[in-house]
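Observations on the model geometry
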Amino acid sequence: MKVIEVISYDEMSELAARYFLTKITTYPRLTLGLATGSSPKGIYQYLVHDYDKNRTDYSHITTFNLDEYIGLSKDHQNSYYQYMHDNLFHHVNIPPKQIHIPSGINDNNQAECEVYEEKINAIGGIDLQLLGIGANGHIGFNEPGTPFYSKTHVVNLTASTREANMRFFNNICEVPSQAITMGIQTIFNSKEIILLASGQTKQHAMVQLLSGEVSESFPASILNKHPNITVIADEEALLLA
Ligand code: GLP
């Protein structure tokens, strides 16, 4: 695991975005795994700014998002579908048919998960996966205790994750209690991973991740065994590590 320490959230975002742009402009076809939350927002801003300036081409890019809340429609302001379109997809030329986000309003969630996993496999897997990390070590919405061999599945969100994400909702009752997420195995199968961590709320997660101990009680710990992962974290996130 390669760790790059940067000074600030902005530096983290710019460094990661530049790396993504290098890949986007180099490969004739590229499948990106994308994340939501506060951590990747800066990257998306940087990519949109670059697109406005340079018209970098995204027509050869396919994307798969990590997760989506169950019960939120696409146009719900807190759905990850909405987040991705607001922050990136509306602003660059990725063809809509190449954009994949699990649907949180499918009558059959199990079928939704299976089809999502099949689509990722059919395209040959994810080339570059962007990840944030939850304070309890969750990646995507894979909470502590999720088997490392898990594929795309339905999860019950822990109280701490719902509380952490409450800042986007009016109150805790509005935060969905379930989500669909790529599994840990799905994420691990990505050819390359970039994990972002910024700020004080990620300090304990960084200590655990960088300790090197691998345990299902801390989902991100499996990444210590990945052959091509880079953690980009700011000084504050790494303060105790
Ligand atoms: C959410 C998302 C994760 C994200 C995590 C951290 O629960 N499902 O994919 O990595 O929170 O979010 P943030 O970057 O806002 O700290």
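In this text, all values refer to a predicted model and were calculated from it rather than measured experimentally. (Residues numbered from 1 in each chain as written. Predicted model: local features only at pLDDT ≥ 70, side-chain atom pairs only at ≥ 80, totals over all residues.)

**Some points on the overall build of the protein chain**
When you go through the protein chain residue by residue, the secondary structure sums to seven helices and 10 strands. Within the protein chain, the fraction of its 241 residues that count as buried is 41%. Sequence separation of at least 24 residues holds for 79% of the intrachain contacts in the protein chain that already meet a minimum separation of 6. (Helix = DSSP H or I, 4+ residues; strand = E, 2+ residues; numbered from the N terminus. Buried ≥ 20, exposed ≤ 12 C-beta atoms within 10 Å, placed from the backbone. Contact = placed C-beta atoms within 7 Å.)

**Some points on the sheet that holds strand β10 (residues 229-234)**
Spatial strand order, β1-β10-β9-β6-β2-β3-β5: seven strands in an open sheet with parallel pairing. Whereas interior strands pair on both sides, the edge strands pair on one side only; in this sheet they are β1 (2-6) and β5 (99-100). Pairing analysis gives two bridges linking strand β3 (residues 61-65) to β5, with the strands arranged parallel. Directly across from Thr63, in β5, lies its bridge partner Ile99. (Pairing = 2+ DSSP bridges.)

**Digging into the UniProt feature "active site" (unreviewed entry) in the protein chain**
Mapped onto the present numbering, the UniProt feature "active site" (unreviewed entry) falls on Asp67, Asn136, His138 and Glu143. Among the secondary structure elements, Asp67 is positioned in strand β4 (residues 67-69). Exposure remark for Asp67: the 23 C-beta atoms within 10 Å place this residue in the buried category. Those residues in contact with Asp67 that lie beyond four places of it in its chain are Tyr80, Pro102, Gly140, Phe141, Ala179, Ile180, Thr181 and Met182. Looking at where His138 falls in the secondary structure, it is placed in the loop between β6 (128-131) and β7 (153-156). Classification of His138 as buried rests on a count of 26 C-beta atoms within 10 Å. Apart from residues no more than four positions distant in its own chain, His138 is found in contact with Glu143, Thr161 and Pro219. (UniProt positions renumbered as here; feature names shortened; annotations may be inferred.)

**Looking at the nonpolar core**
Generally speaking, a soluble globular protein has its nonpolar side chains buried in company with each other. Of all hydrophobic cores here, the largest spans 59 residues; its most connected members are Ala16, Leu131, Ile194, Leu195, Ala197 and Ile232. Leave out the neighbours within four places in its chain, and Ile194 touches Ala16, Tyr19, Leu130, Leu131, Thr230 and Ile232. (Core = buried A, V, L, I, M, F, W, Y, C linked by C-beta atoms within 7 Å.)

**Notes on the UniProt feature "domain: Glucosamine/galactosamine-6-phosphate isomerase" (unreviewed entry) in the protein chain**
In this structure's numbering, the residues bearing the UniProt feature "domain: Glucosamine/galactosamine-6-phosphate isomerase" (unreviewed entry) are residues 15-226. Each end of residues 15-226 is marked by a C-alpha atom, and these two atoms are 21 Å apart; helix forms 33% of the span and strand 16%.

**A short note on the confidence of the model for the protein chain**
Detailed reading of the predicted coordinates is not advisable wherever pLDDT is low. The predicted model of the protein chain averages 97 in pLDDT, with 100% of residues at 70 or higher. Overall fold confidence (pTM) sits at 0.96, and the ipTM for the predicted complex is 0.95. (pLDDT = per-residue confidence, 0-100.)

**Let's talk about the pairing of strand β8 (residues 178-181)**
Of the pairings in the sheet, the one linking β4 to β8 comprises three bridges and is antiparallel in character. By the bridge assignment, Glu68 is partnered in β8 with Ile180.

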